[in-house]
Structure formats: C-alpha cells, structure tokens
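# Results of the structural survey
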2 protein chains.
Amino acid sequence: MKEAETKRKILEKGSEIIHKKGFNNTGIQEILAAAGIPKGSFYFYFKSKEDFGLQLIDFHAGYFLTVLDSCLKDEKLKPLERLRVFFDHFLSLMQENAFQGGCPLGNLAQEMSDQNELFRGKLQEVFEQSKNKIAECLLEARQRKELSSSLDVYETADFIFNSWHGALIRTKVLRSHNAYVLFNKMVFEVLLQGR
Amino acid sequence: MKEAETKRKILEKGSEIIHKKGFNNTGIQEILAAAGIPKGSFYFYFKSKEDFGLQLIDFHAGYFLTVLDSCLKDEKLKPLERLRVFFDHFLSLMQENAFQGGCPLGNLAQEMSDQNELFRGKLQEVFEQSKNKIAECLLEARQRKELSSSLDVYETADFIFNSWHGALIRTKVLRSHNAYVLFNKMVFEVLLQGR
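Here goes a summary of the coordinates provided. Residue numbers run consecutively from 1 along every chain, following the written order of its sequence. Labels are handed out in written order, letters beginning with A for the chains and numbers beginning with 1 for the ligands. Only residues with pLDDT of at least 70 get local features here, since the model is predicted, and only at 80 or more are side-chain atom pairs given and counted; chain-wide, interface and lining totals rely on the full set of residues. Calculated side-chain values reflect all of the structure's heavy atoms, with hydrogen atoms and water omitted.

### Overview of the overall build of chain A
Heads up, the rule is: Helical segments are the DSSP runs of H or I of at least four residues, strand segments are the runs of E of at least two, and each set is numbered from the N terminus. Any residue under 20% of the maximum accessible area for its type is buried, any over 50% is exposed, and the rest in between are partly exposed; the area is computed with a 1.4 Å probe on protein chains only. Any two residues having at least one pair of non-hydrogen atoms within 4.5 Å are treated as being in contact. Using a 1.4 Å probe, accessible areas were evaluated by the Shrake-Rupley method; residue-level cover was limited to the displayed protein chains. Asp and Glu are treated as the negative residues and Lys and Arg as the positive ones, with His and the ends of the chain left uncounted. Where a charge sits is defined by one atom per residue type, namely NZ (Lys), CZ (Arg), CG (Asp) or CD (Glu).
Regarding its fold elements, chain A presents 9 helices and 0 strands. Sequence-ordered secondary structure for chain A, helices as α and strands as β, is α-α-α-α-α-α-α-α-α. Dimensions of chain A along its principal axes, counting C-alpha atoms only, are 60 × 35 × 30 Å. Taken over 195 residues, chain A has a buried fraction of 54%. Taking as baseline every contact in chain A between residues at least 6 positions apart, the subset at least 24 positions apart corresponds to 65%. Of the roughly 8700 Å² that chain A leaves accessible, carbon and sulfur atoms contribute 51%. Each charge sign in chain A was given a centre, from 27 positive and 26 negative side chains, and these centres are 3 Å apart.

### Quick look at the packing of helix H5 (residues 79-96) of chain B against helix H9 (residues 178-190) of chain B
Residue and element names in this part refer to chain B. What counts here: To obtain each axis, a line is fitted to C-alpha atoms, and for helices this fit is confined to the stretch in contact; angles are then taken between N-to-C directions over 0 to 180 degrees. Here the angle decides the label: under 35 degrees means roughly parallel, over 145 means roughly antiparallel, 65 to 115 means roughly perpendicular, and every other value means oblique. When residues are grouped by polarity, Ala, Val, Leu, Ile, Met, Phe, Trp, Tyr, Cys and Pro land in nonpolar, Asp, Glu, Lys and Arg in charged, and all others, Gly among them, in polar.
At a minimum axis separation of 11 Å, H5 and H9 run at an interaxial angle of 175°. Considering their axes alone, H5 and H9 lie roughly antiparallel with respect to each other. Contact with H5, carried on its side by Leu80, Leu83, Arg84, Phe87, Asp88, Phe90, Leu91 and Met94, involves Tyr180, Val181, Phe183, Asn184, Phe188 and Glu189 of H9 and no other residues of that element. Among the residues making up the contact of H5 with H9, the classes are represented as 10 nonpolar, 1 polar and 3 charged.

### Remarks on the interface of chain A and chain B
Going by this rule: Defined in terms of a 1.4 Å probe, buried area is the accessible area two parts forfeit on being brought together, summed over both. Counted as salt bridges are all cases of a side-chain nitrogen of Lys or Arg within 4 Å of a carboxyl oxygen of Asp or Glu.
Taken together, the contact pairs 45 residues of chain A with 46 residues of chain B. With both chains or domains summed, chain A and chain B bury close to 4300 Å², and 52% of this area falls on carbon and sulfur atoms. Put simply, chain A and chain B have 10 salt bridges between them. Residues Asp114 of chain A and Lys172 of chain B are paired through a salt bridge, measuring 4.0 Å at the closest nitrogen-oxygen approach. Among the elements of the structure, helix H1 (3-21), helix H6 (104-112), helix H7 (117-143), helix H8 (153-174) and helix H9 (178-190) of chain A are those that each provide at least two residues to the side of chain A that touches chain B. Its residues assigned to classes, the side of chain A that touches chain B shows 17 nonpolar, 15 polar and 13 charged.

### So, the relation of the copies chain A and chain B
Note the cut-off: Overlaid copies result from least-squares superposition on C-alpha atoms, with residues included only where pLDDT is at least 70 in both.
In screw terms, the move from chain A to chain B is a rotation of 180° and a rise of 0.0 Å along the axis, fitting with an RMSD of 0.0 Å. Such values leave the two copies arranged in the relation of a two-fold axis. The fraction of interface residues of chain A whose copies in chain B are also interface residues reaches 100%, indicating that both copies meet through the same surface.

### Focus on the environment of Gly102 of chain B
Inspection of the secondary structure puts Gly102 of chain B in the loop between H5 and helix H6 (104-112). Look at Gly102 of chain B and you get buried, because its relative accessible area is 9%.

### Structural notes on the packing of aromatic side chains
Note on aromatic pairs: each is described by the distance of the centres and the angle between the planes. Note the cut-off: Aromatic rings from Phe, Tyr and Trp, taking only the six-membered ring of Trp, are treated as a pair when their centres fall within 6.5 Å; an angle between ring planes under 30 degrees marks them as stacked, one over 60 as edge-to-face, and anything in between as tilted. Charge over a ring is defined by NZ of Lys or CZ of Arg lying within 6 Å of the ring centre and within 35 degrees of the ring normal.
With the rule as written, the count across this model stands at 45 aromatic pairs over all chains. Ring centres 5.0 Å apart and planes at 90° place the aromatic pair Phe44 of chain A and Tyr45 of chain A in the edge-to-face group. Using a relative accessible area of 15% as the deciding quantity, one classes Tyr45 of chain A as buried. On the numbers, 5.2 Å between centres and 65° between planes, the contact of Phe23 of chain B with Phe119 of chain B is edge-to-face. Here the residue Phe23 of chain B occupies a position in the loop between helix H1 (3-21) and helix H2 (28-35), and Phe119 of chain B occupies one in helix H7 (residues 117-143), the gap between them amounting to 96 residues. Comparing Phe23 of chain B with Phe119 of chain B shows no difference in burial state: the two are buried. Seen from the ring of Phe23 of chain A, Lys49 of chain A lies directly overhead, with NZ or CZ sitting 4.5 Å from the centre.

### Things to note about the nonpolar core
Put simply, the test is: Among buried residues, those of type Ala, Val, Leu, Ile, Met, Phe, Trp, Tyr and Cys that are joined through side-chain atoms within 4.5 Å constitute a nonpolar core.
Counting residues in each nonpolar core, the largest one holds 135 residues, and the members touching the most others are Phe52 and Trp164 of chain A together with Phe52 and Trp164 of chain B. Ranked by the residues each element gives to this core, the list is headed by helix H4 (residues 49-72) of chain A, at 12 residues. Excluding residues that lie within four positions of it along the chain, Trp164 of chain B makes contacts with Phe64, Phe86, Phe87, Phe90, Tyr180 and Phe183 of chain B.

### What to know about the environment of Ala157 of chain B
All names here are of chain B. Within the element layout of this structure, Ala157 appears in helix H8 (residues 153-174). We classify Ala157 as buried; its relative accessible area is 0%. Distance in space between the C-alpha atoms of Ala157 and Leu139 is 9.9 Å, their sequence separation being 18 residues.

### Description of unusual backbone geometry
Residues and elements named next belong to chain B. One non-glycine residue with positive phi stands out, namely Ala98, at about 55°. Secondary-structure assignment places Ala98 in the loop between H5 and H6. The backbone phi angle of Phe99 is positive, close to 60°, even though this residue is not glycine. Looking at where Phe99 falls in the secondary structure, it is placed in the loop between H5 and H6.

### A closer look at the pattern of salt bridges
Applying the stated criterion across every chain yields a total of 34 salt bridges over all chains. Salt-bridge contacts for Glu16 of chain A lead to Lys13 of chain A; the nearest nitrogen and oxygen are separated by 3.7 Å. A residue pair is termed a helical-turn pair when its members lie 3 or 4 positions apart in one helix, as Glu16 of chain A and Lys13 of chain A do in helix H1 at 3 residues. Assessed through its relative accessible area of 25%, Lys13 of chain A is described here as partly exposed. Residue Arg82 of chain B pairs with Glu140 of chain B through a salt bridge whose shortest N-O separation is 3.2 Å. In this pair, Arg82 of chain B sits in helix H5 while Glu140 of chain B sits in helix H7, placing the two residues 58 residues apart along the sequence. A cluster of three or more residues bridged by salt bridges with shared partners is formed by Arg82, Glu140, Arg144 and Glu146 of chain A.

Printed below as a string of structure tokens:
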C-alpha cells in the first residue's frame with residue numbers, strides 16, 4: 001500500500017470506530033488493529049492522537065463541504081430544492097446506518113469543544129464555512145423571489161445548521177427518521193415559507 | 001452524612017465530572033475521590049456504573065422537568081413569555097459555566113444512545129415529556145389567539161426542543177452566547193410569529 005492509501009485507511013477505520021465510541025474512548029491500537037496496520041506506523045503518519053483527531057476533522061470536513069458544494073451549486077434545481085437535496089442526502093446516510101452514529105463533526109464538537117482548543121477552533125471554522133454556503137444559497141433564493149426578504153439569510157442559515165445538529169441527536173435517540181423528517185418539514189414548509 | 005445525602009453527593013460530583021469529560025471517559029474512582037467517599041461504598045448505592053448512569057439521567061431529568069414546569073405554569077405571564085423565561089434560565093446557566101458543558105441530557109443522548117438501550121429509552125422518555133409540556137404551552141398560546149393556528153403545536157414543540165439541543169452544541173463551539181441568542185430570536189421572532 002502506498003503511504004497516502006495507508007494514511008487514508010487509518011483515518012477511515014478510525015472514523016468508523018470513533019463514530020461509534022467517541023474520540024476519548026477509542027485507543028490508537030484499536031484503530032490500527034482494525035486497519036491491519038502495524039502498531040509502530042501510526043507515528044509515521046500522525047504526530048500524536050491529537051494530531052490524528054485534527055486530521056480526522058479535516059477528513060470529515062473535506063467530504064462534508066464537497067457534498068454541500070455539489071448540492072448547492074446544482075443549477076438545474078432552484079436554490080431551496082438544492083438545500084433540500086443536501087439534507088435528503090444525509091437522511092439517506094442516516095437510514096443506511098440504521099439511524100445510529102449521527103454527524104461525526106457534531107459529535108466531535110460536543111465531545112471535544114471544552115477539552116481541546118485546537119479541535120474547537122477547527123470545528124468552528126468548518127461550521128462557519130457551512131453556514132456561509134447555506135446563506136449564499138438562501139440569498140440566491142431571495143434574489144429569485146423564492147424566499148421572503150424579511151428573513152436575514154445569515155441568521156436563518158445559522159439557525160437551520162444548528163437545528164440540524166439537534167435533529168441528528170434526536171434521530172439517534174428515536175432511532176427513526178421522525179425527527180429528521182420533522183426538521184425538513186419545519187424548515188422548508190414553515191420557516192422558509194414565512195411572509 | 002445520611003445515606004440519601006451521600007448518594008446525592010455522588011450524583012452531584014459525578015454529574016460535574018461527566019459534564020466535562022463524558023460518561024465513558026469518567027471512572028467511578030474519580031467520582032468517589034471528588035465526593036470524598038470511600039471506594040467501597042459506591043456499590044452500596046449503585047448496582048453498577050450503568051445503574052449510576054441511569055440514576056444520573058433521573059437526577060438531571062428531575063431538575064430539568066421541575067424548571068420546565070415551574071416556568072410554564074407561571075400564570076402571571078403569557079404562555080410564550082413563560083417559554084422565553086425557560087430558555088433564558090438555561091442561557092444564564094450557560095453564561096455561569098462560561099458557555100461550556102452544554103446540556104447534560106443532550107450530551108448523554110449523543111454519547112450513549114447507540115451504546116446502551118436503557119439510556120436511550122430513558123432519555124427518549126424525558127425528551128418526549130419535555131416536548132409535550134412545551135406543546136401544551138403552545139396550545140394555550142393558540143387558544144388565547146397568541147399563536148397562529150397554522151402551526152401544529154406538537155410538531156413545533158418538537159422542532160424547537162431539538163433545535164435547542166443544536167444551539168447548545170454550537171454555543172459550546174463558539175463559547176459565546178451568539179448561537180443561543182439567535183435560537184431565541186428565530187424561535188420567538190420568526191417561527192412563532194408566522195401567519
């Protein structure tokens with residue numbers, strides 16, 4: 001295996017385990033065993049468990065922001081339909097995972113924000129970027145007269161993004177699609193339909 | 001110290017540590033040391049760490065539902081003002097905690113829902129009760145013509161409750177009141193003001 005592939009495999013396997021057990025509760029040896037990588041090589045790829053965690057945030061953020069961009073830039077659809085496709089994509093992922101796991105970045109945000117300033121700073125940056133992309137989509141909807149001009153697009157995007165994290169936690173607790181479907185309904189049929 | 005006091009002290013100290021470090025990442029000995037209780041006595045009060053965790057949910061839920069009831073039953077205020085007082089109470093608590101910690105029940109929901117069915121069931125029950133209390137408050141607002149009849153009060157209450165958890169996570173990440181203030185604004189000035 002090439003170096004880049006090995007590193008990616010460690011990140012992928014680490015991600016799967018941490019998604020189930022949390023960051024603090026997952027050991028490096030457990031990740032390496034799952035990836036079939038000799039113990040010694042971890043420190044060839046990562047300076048420390050903290051460095052691994054920070055690179056894991058980049059790994060998730062890369063995927064997440066790519067999906068967000070590819071949905072929100074799909075000009076075949078109206079802006080609000082693009083946003084809907086984005087949320088539906090993650091509903092499908094939750095369904096595939098039997099409504100377990102939730103959002104890897106949201107989970108790390110909750111677990112690590114109080115414990116590590118580097119994690120907190122990096123997560124805040126990803127959330128800020130995500131909010132801005134959603135806000136641009138809402139702005140386009142407004143410019144096309146498909147969204148009320150009474151809504152502040154940045155505030156609305158921020159509220160939607162945060163509410164989504166809450167819906168994902170409740171989805172785990174309910175282990176059903178109910179909270180997620182309700183989130184979609186309240187956002188698209190109530191909040192974004194106002195005056 | 002009487003038995004009930006000792007048990008309460010273990011729950012209080014355990015709660016403080018778990019609020020910072022998470023449930024899995026906190027050891028029984030650490031809790032007992034912080035509470036100044038001899039090691040052997042834990043199993044006099046709790047059958048296991050799982051039993052402790054389940055009783056900790058009851059401990060938090062007792063406080064939480066009492067605050068919710070006392071706010072929502074305050075007939076000196078209009079129903080939506082009561083709800084606002086409830087959210088403001090927890091904003092003050094977050095401020096006192098320098099915007100760290102977040103919601104103990106929300107944290108346990110995220111950490112433990114996939115790992116323990118008893119935790120998941122108990123948390124789901126507390127969230128369901130909370131949602132119903134908020135829905136009753138919205139229903140009273142609607143009966144008094146202070147809330148649009150176009151909103152389904154149960155769905156709206158559920159969405160607000162879940163969104164609040166999301167706002168609490170973002171509050172930890174931002175370590176400021178911004179996401180919480182935005183949550184209040186979007187709920188009370190936009191969502192509940194519709195048509």
